[in-house]
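A look at the structure
Listed here are the chains, written in short residue letters.
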Amino acid sequence: MTDNSNIVKIDALGETKLFQPIKLGANTLSQRIAHAPTTRLRATEDNVPTDLQLEYYRDRAQAPGTLLITEATYVSEGGIGLPHTPGLWNDTQAKAWKKITQAIREQGSFSSVQLWHLGRTAFPEELKKRGLPFVAPSALYDSEEMEKRAKACGHELRALTKSEIEQLINEDFPNAARKALAAGFDYVELHSAHGYLLSQFLNPVSNQRTDEYGGSIENRARLLLAIVDKLIPIVGANRLGIRFSPWATFQVSKPEGAEIHSYILQELQKRADDGNELAYVSLVEPRVSGIVDVSAEDIHGSNDFVSKIWKGSLIKAGNYTYNAPKFTELVRDIDNDRTLVAWCRFFTSNPDLVARLQNGYPLQHYDRDTFYQPYNWGYNTWNKYDETKEYDEEAEKKRVGKALA
Ligand SMILES: Cc1cc2nc3c(=O)[nH]c(=O)nc-3n(C[C@H](O)[C@H](O)[C@H](O)COP(=O)(O)O)c2cc1C
């Protein structure tokens, strides 16, 4: 796609800290730009990554030393929903991911897999088809529409039992983490943002349990911290990250807020002080909720509390282009030696985003209509700054992904 009428002019950031190396847990990155997790529905029906995804990630890894965090990837079959999203619970999926991590490594870049479970936002029809329960912290639907869907297909939401929670801690997350290592990922990221399962536990709107996993802040944070403690010896603290969105109201009526995150960050800092500092904490800035921008008057709070508690590395994402061409907010946020900035939407439409930011080449605006399509049009059809390749829309729409394993 080469729609030059739709560009964003930017100043070059090559002389800023964004282009200085930074240590991130087990590795040193060449610059402080990361690819934020971006769900794109280009996996197979069996949740196996495809050749289209390989091409996508390889292109975005072209500036050596870039961190690419993958699209959200199912920790277990029980967490599924959206069609054509990838998983990492079986060997076929791990083999397919390995081809992608190798392609990223061949460019000199690094990969992190974002592990998720949809909980109450899963697709009841799909779970029923696969003979799996529709479960969440509590039997509280995220919308009337979801309730209708679950009732219509005769597969209603119920609260996870304690033994199912223990299975998540002791089997599902460790299994996916081991597969991630086998697949060659440099990091494993827990998706505790945006109203998916781990974030559902944090929020009293979705967690009204009366056992040790609900009620107080300590109880609501228990599952996440238990998973962290289980995964540290498996992947190593310096390869483990977590994503939070304290202020998002995506898929939930109230944000989680600062209080519970302050507690979790204190707990993570305690582990760091004991020699187990996580590779990073990833934060969604309040300027964005899920996949859309938040208008200034609807911003619920600030992430400033985070760096007062957590002393380790931070990855921040959320419409950093809003004050382009100068990027004043970004330049302020990276004025230290522990912050990376992650980009999602502009990385979709600029495979060479890193070079563009470095040199001040204009950014191609993203095309939201193509975000959630199953084919290649709008996916691997964006040119680098100096390319003029024309793509055939009809042909690319016929090109769907082939499983990598
Ligand atoms: C199409 C699309 C897919 C996304 N998928 C994910 C995802 O899988 N996991 C996640 O944590 N956030 C996801 N996000 C949120 C982004 O990672 C990011 O936080 C948000 O888009 C703000 O960054 P940006 O302004 O650079 O786009 C997605 C956003 C978009 C637009």
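Residues numbered from 1 in each chain as written. Predicted model: local features only at pLDDT ≥ 70, side-chain atom pairs only at ≥ 80, totals over all residues.

**Notes on the overall build of the chain**
Formally: For the purposes of this entry, the term helix denotes a DSSP run of H or I that reaches at least four residues, the term strand denotes a run of E that reaches at least two, and both are numbered from the N terminus. The globule rule used for comparison is 2.2 Å times the number of residues to the exponent 0.38, while the radius of gyration itself is calculated over C-alpha atoms. Residue burial here comes from a neighbour count, namely the number of other C-beta atoms, placed from the backbone, that lie within 10 Å of the residue's own C-beta, with 20 or more meaning buried, 12 or fewer meaning exposed, and in between meaning partly exposed. Whether two residues are in contact is decided by their C-beta atoms, placed from the backbone, lying within 7 Å.
Summing up its helical and strand segments, the chain has 13 helices and 16 strands in all. A globule of 405 residues ought to have a C-alpha radius of gyration of about 22 Å, and the chain, at 20 Å, matches this closely. Reported as C-alpha extents along the three principal axes, the dimensions of the chain are approximately 60 × 50 × 45 Å. In the chain, which comprises 405 residues, the proportion classed as buried is 49%. Pairs at least 24 apart in sequence give 76% of the contacts found in the chain among residues at least 6 apart.

**Observations concerning the sheet that holds strand β6 (residues 110-116)**
Quick note on the threshold: Criterion used throughout: strands pair if DSSP finds at least two bridges between them. Helix axes use the C-alpha atoms of the stretch in contact, all axes being lines fitted to C-alpha atoms, and the angles between their N-to-C directions lie in the range 0 to 180 degrees.
If you trace the 8 strands once around the closed barrel, you get β4-β5-β6-β9-β10-β11-β14-β15, paired in parallel fashion. Between one strand axis and the next, the sheet turns through 25° on average, direction left out of account.

**Some words on helix α2 (residues 91-106)**
Test applied: To estimate the expected span of a helix, subtract one from its residue number and multiply by 1.5 Å.
Here α2 is 16 residues long and its end C-alpha atoms lie 22 Å apart, about the 22 Å a rise of 1.5 Å per residue gives. All buried positions along α2 are accounted for by Gln 93, Ala 94, Ala 96, Trp 97, Lys 99, Ile 100, Thr 101, Ala 103 and Ile 104. Elements in contact with the buried residues of α2: α1 (51-60), β5 (67-74), β6 and α5 (162-182). Trailing α2 by a residue or two, Gly 108 shows a phi angle of about 80°, which is positive.

**Structural notes on the environment of Glu 259**
Among the secondary structure elements, Glu 259 is positioned in helix α8 (residues 258-273). Taking the C-beta count within 10 Å as the criterion, Glu 259 has 11 such neighbours and is therefore assigned exposed.

**Re the site of the ligand**
Applied cut-off: Nearness between a residue and a molecule or strand is assessed with a C-beta atom placed from the backbone; a distance within 6 Å qualifies. Residues were grouped as follows: Ala, Val, Leu, Ile, Met, Phe, Trp, Tyr, Cys and Pro as nonpolar; Asp, Glu, Lys and Arg as charged; and all remaining residues, including Gly, as polar.
In the vicinity of the ligand, 21 residues are found, and the nearest of them are Ala 36, Pro 37, Ala 72, Cys 344 and Arg 345. Looking at side-chain class alone, the shell around the ligand contains 11 nonpolar, 7 polar and 3 charged residues.

**Some details on the nonpolar core**
Note the cut-off: As used throughout, a nonpolar core is a set of buried Ala, Val, Leu, Ile, Met, Phe, Trp, Tyr and Cys residues joined through C-beta atoms within 7 Å of each other.
Ranked by size, the top nonpolar core spans 110 residues in total, and within it Leu 88, Leu 115, Val 188, Val 281, Val 341, Ala 342 and Trp 343 carry the most contacts. Setting aside residues up to four positions removed in sequence, Ala 342 forms contacts with Ala 34, His 35, Ala 36, Ile 69, Ser 282, Ile 315, Lys 316 and Ala 317.

**With respect to the pairing of strand β9 (residues 187-192)**
Judged by how many residues are buried, β9 sits mostly within the fold: 6 of 6 residues are covered. Of the two faces of β9, the one carrying Tyr 187, Glu 189 and His 191 and the one carrying Val 188, Leu 190 and Ser 192 are both buried. When β6 meets β9, the two strands line up parallel, connected through 4 bridges. Counted as the bridge partner of Leu 115 is Leu 190 from β9.

**With respect to the environment of Gly 87**
Assignment of secondary structure puts Gly 87 in the loop between β5 and α2. Residue Gly 87 is classed as buried on the basis of its 26 C-beta neighbours within 10 Å. The spacing of Gly 87 and Ser 76 is 11 residues in sequence and 7.1 Å in space, taken between C-alpha atoms.

**Some thoughts on the packing of α1 against α2**
The criterion, for reference: For classification purposes, angles smaller than 35 degrees are called roughly parallel, those larger than 145 roughly antiparallel, those between 65 and 115 roughly perpendicular, and all remaining angles oblique. With the far helix as reference, a near helix turned anticlockwise by less than a right angle produces a left-handed crossing, and one turned clockwise produces a right-handed crossing.
Where α1 meets α2, the closest approach of the two axes is 9 Å, and the angle between their N-to-C directions is 20°. Relative to α2, α1 is oriented roughly parallel. Regarding α1 and α2, the two cross each other, and that crossing is right-handed. Residues Gln 53, Leu 54, Tyr 57 and Arg 58 of α1 form the contact with α2, whose participating residues are Lys 99, Ile 100, Ala 103 and Ile 104. Tallied by class, the residues present in the contact of α1 with α2 amount to 5 nonpolar, 1 polar and 2 charged.

**A closer look at the pairing of strand β15 (residues 339-343)**
Heads up, the condition is: Handedness is read with the strands pointing away from the viewer; a crossover is right-handed when the path from the first strand over the helix to the second is clockwise.
The element β15 is extensively covered by neighbouring structure, given that 5 of its 5 residues are classed as buried. The alternating pattern of β15 places Thr 339, Val 341 and Trp 343 and Leu 340 and Ala 342 on opposite faces, both of which are buried. Inspection of the sheet shows strand β4 (residues 33-35) paired to β15 by 3 bridges, in the parallel sense. Each bridged residue has a counterpart across the sheet, and for His 35 the counterpart in β15 is Trp 343. As paired strands, strand β14 (residues 314-317) and β15 are joined by 4 bridges and run parallel to one another. Looking across to β15, one finds that Ala 317 is bridged to Ala 342. Of the crossover connections in this fold, the one passing from β14 over helix α10 (residues 328-333) to the parallel β15 is right-handed.

**Side note on the packing of helix α7 (residues 217-235) against α8**
Helices that pack against each other are described as a pair by the angle of their axes relative to one another and the distance between those axes. In contact at an axis separation of 10 Å, α7 and α8 are set at 50° when each is read in the N-to-C sense. One finds that α7 runs oblique with respect to α8. Handedness of the crossing formed by α7 with α8: right-handed. Facing Ile 217, Glu 218, Arg 220, Ala 221, Leu 224 and Leu 225 of α7, the residues of α8 in contact are Glu 259, Ile 260, Tyr 263, Ile 264 and Glu 267. Per-class residue counts for the contact of α7 with α8 are 7 nonpolar, no polar and 4 charged.

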